[in-house]
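Read off the chains here:
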Amino acid sequence: MDLQSNQKFVDEIRSRMAPEHILLNEPMKEHTTFRIGGPADCLILPASMEDVAFVFQCLKRHDIPFVILGNGSNVLVLDKGIRGVVIKFNSPISAIRKKNNTLTAGAGALLRDVSEFAAENSLSGMEFACGIPGSIGGAVFMNAGAYDGEMKNIVSAVRAISPKGEIVQFAANELDFGYRHSIFQENGCAICEVDLTLASGNAEEIKEKIAGFTERRESKQPLEMPSAGSTFKRPEGHYAGTLIEQTGLKGFTVGGAQVSDKHAGFVVNAGDATAKDVLELIRQVQDRVFEKHHVKLFPEVRILGEA
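Conventions and cut-offs
Residues numbered from 1 in each chain as written. Predicted model: local features only at pLDDT ≥ 70, side-chain atom pairs only at ≥ 80, totals over all residues. Heavy atoms only, no water. Disulfide = S-S within 2.5 Å. UniProt positions renumbered as here; feature names shortened; annotations may be inferred. Helix = DSSP H or I, 4+ residues; strand = E, 2+ residues; numbered from the N terminus. Pairing = 2+ DSSP bridges. Buried < 20%, exposed > 50% of the residue type's maximum accessible area, 1.4 Å probe, protein only. Domains from an automatic or database assignment. Contact = heavy atoms within 4.5 Å. Buried area = accessible area lost by both parts, 1.4 Å probe. Salt bridge = Lys/Arg side-chain N within 4 Å of Asp/Glu carboxyl O. Polar contact = N/O pair within 3.5 Å; in protein donor to acceptor, adjacent residues only side chain to side chain. Nonpolar A, V, L, I, M, F, W, Y, C, P; charged D, E, K, R; others polar. Axes fitted to C-alpha atoms, helices over the stretch in contact; angles between N-to-C directions. Parallel < 35°, antiparallel > 145°, perpendicular 65-115°, else oblique.

Evaluated as defined, the whole model comprises zero disulfides. Cys 42 carries a free sulfur, and the closest cysteine sulfur to it, the one in Cys 58, is 11 Å from it.

What UniProt calls "domain: FAD-binding PCMH-type" (unreviewed entry) maps, in this numbering, to residues 36-220. The span residues 36-220 shows a helical share of 29% and a strand share of 31%, and its end C-alpha atoms are spaced 23 Å apart.

This part covers the sheet that holds strand β18 (residues 266-269). Sheet strands line up and pair through hydrogen bonds in the backbone, either parallel or antiparallel. Judged by pairing direction, the sheet is antiparallel, and its four strands sit side by side in the order β15-β18-β17-β16 without closing on themselves. Of all strands in the sheet, those with a lone pairing partner are β15 (227-230) and β16 (253-254), marking the two edges. Strand direction decides the pairing type here: β16 and strand β17 (residues 257-259), joined by two bridges, are antiparallel. If you follow Val 254 over to β17, its bridge partner there is Ala 257.

Counting buried positions along strand β13 (residues 190-197) gives seven out of eight residues, so the element sits mostly inside the fold. As paired strands, strand β7 (residues 102-106) and β13 are joined by five bridges and run antiparallel to one another. Pairing of Gly 106 across the sheet is with Glu 193, part of β13. Direction of pairing for strand β11 (residues 155-161) relative to β13: antiparallel, over a ladder of six bridges. Opposite Ile 161, over in β13, you have Ala 190 as the bridge partner.

A few words on the domain arrangement of the protein chain. One frequent convention defines the size of an interface as the accessible area lost when the parts assemble. According to the domain assignment, the protein chain consists of domain 1 (3-91), domain 2 (94-219) and domain 3 (223-304). Across the contact, 15 residues belong to domain 1 and 18 residues belong to domain 3. Of the roughly 1400 Å² buried at the junction of domain 1 and domain 3 (both faces included), carbon and sulfur atoms supply 62%. When the buried area of domain 1 at its contact with domain 3 is split by residue, Phe 34, Asn 74 and Leu 76 rank highest and sum to 46% of it. At the surface where domain 1 touches domain 3, the tally comes to zero salt bridges. The interface formed by domain 1 and domain 3 holds twelve residue pairs in polar contact (both at pLDDT 80 or more) in total. Put simply, the parts of the chain that give the side of domain 1 that touches domain 3 at least two residues each are β3 (66-69) and β4 (75-77). Here the side of domain 1 that touches domain 3 is built from residues that sort into ten nonpolar, three polar and two charged.

Where helix α3 (residues 111-120) meets helix α6 (residues 203-220), the closest approach of the two axes is 8 Å, and the angle between their N-to-C directions is 155°. Comparing their axes, α6 and α3 come out roughly antiparallel. In contact with Ser 115, Ala 119 and Glu 120 of α3, α6 contributes Ala 203, Ile 206, Lys 207 and Ile 210. Split into classes, the residues belonging to the contact of α3 with α6 amount to four nonpolar, one polar and two charged.

Further remarks concern the UniProt feature "active site" (unreviewed entry) in the protein chain. Under the feature "active site" (unreviewed entry), the UniProt entry names Arg 180, Ser 230 and Glu 300. The annotated residues occupy 121 residues of the chain but converge on a single region, no pair of C-alpha atoms lying more than 11.7 Å apart. Structurally, Arg 180 is set in the loop between β12 (167-171) and α5 (184-187). Owing to a relative accessible area of 11%, Arg 180 belongs among the buried residues under this scheme. Excluding residues that lie within four positions of it along the chain, Arg 180 makes contacts with Met 142, Asn 143, Ala 144, Gly 145, Glu 150, Gln 185 and Glu 300. Side-chain polar atoms of Arg 180 contact the backbone oxygen of Gly 145, separated by 3.3 Å. Setting aside its immediate chain neighbours within four residues, Glu 300 contacts Asn 74, Met 142, Tyr 179, Arg 180, Ser 230, Thr 231, Phe 232 and Lys 233.

So this is what it looks like as C-alpha cells:
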C-alpha cells in the first residue's frame, strides 16, 4: 500500500498535528537501536493521548494498517520497511509524576529516566530496569525484565487507546503478564500511560543498587554497538548466551551482523548490517545450537515489516 497516495488520510492527520510530527517515507534505521530497517510509509509522533486517539480514529476510517513503536529497542525492521503507519512514542509523551508511592509515566519515558526519578524520590522497585534500553510503554508491552525483576511486579494500572480510538484502563490483573508477554501483544491497544506502585526506601541505597546494576551491564554487554538488546528468549533451564558461546559462535558474522564477542546473547550491527544479514545469522545460530545442545532458541526481538 502506497500511503503517500492516500492523501485524504495525510490531510486529515495534518489538520490536527504539527508537520514535524508526520514523516513520510521515513527510514526506520533512524528510529531503532539496531540502526537497521527500510522506510515506513508514514511515521507519526503523537504529542498526547488525545493525538493517539485521533490517529487511531483516522486509521480506522481509512482502513490503514499500523505498528506501535516505543524507543525502537527489541525490534528488527526488515529491509523493505513497513507499509502503513508507524506510531512512535517518544519525548512528547514521557512525563513522570509522583503521588505517594505511585509513579505515573508516559509511554515514551525511558526506563533509565523512570529509574532515576524513582531513586530521587526514595522509591524502590525500578532498579532492575535502569539499563534496559527501552521505554515504559515497550517494557510493559514485553513485560521486560532483568536482574530478577520484571515489570509485572510493579505495574498497577495502564491507560491505553483502543483500536476504536477510545481511552481504556487496565488493572494489573487484566494485563496477562507472562515471560516477555502482555495482553497488548494481542489486543491492538496503544499503551499511553503507566502507573507503577513502588516501595519506600533509602535514596542512597537505591542509587547504589542502580550503580551496581549499571556497572555489571556495562562490563558484560556490548552497549557500544547498535543492537536490539538480548536477541533470544531464555530457554528453560539454560541461558541463550551460554549455549551460543559453548557452540563456538562468539564473533560469528553474516554480512554486517555479528554475534557479539563480548556477550554471545547479543547480535550486533558491526557495520551496515541489513535485516537479511541478521535473520540469516539468527537462523544459523539456532541450527548450530540445536545440533550441539538439542535446545531450540527463539528470538526475543520483534520482527516488523517486509523483507
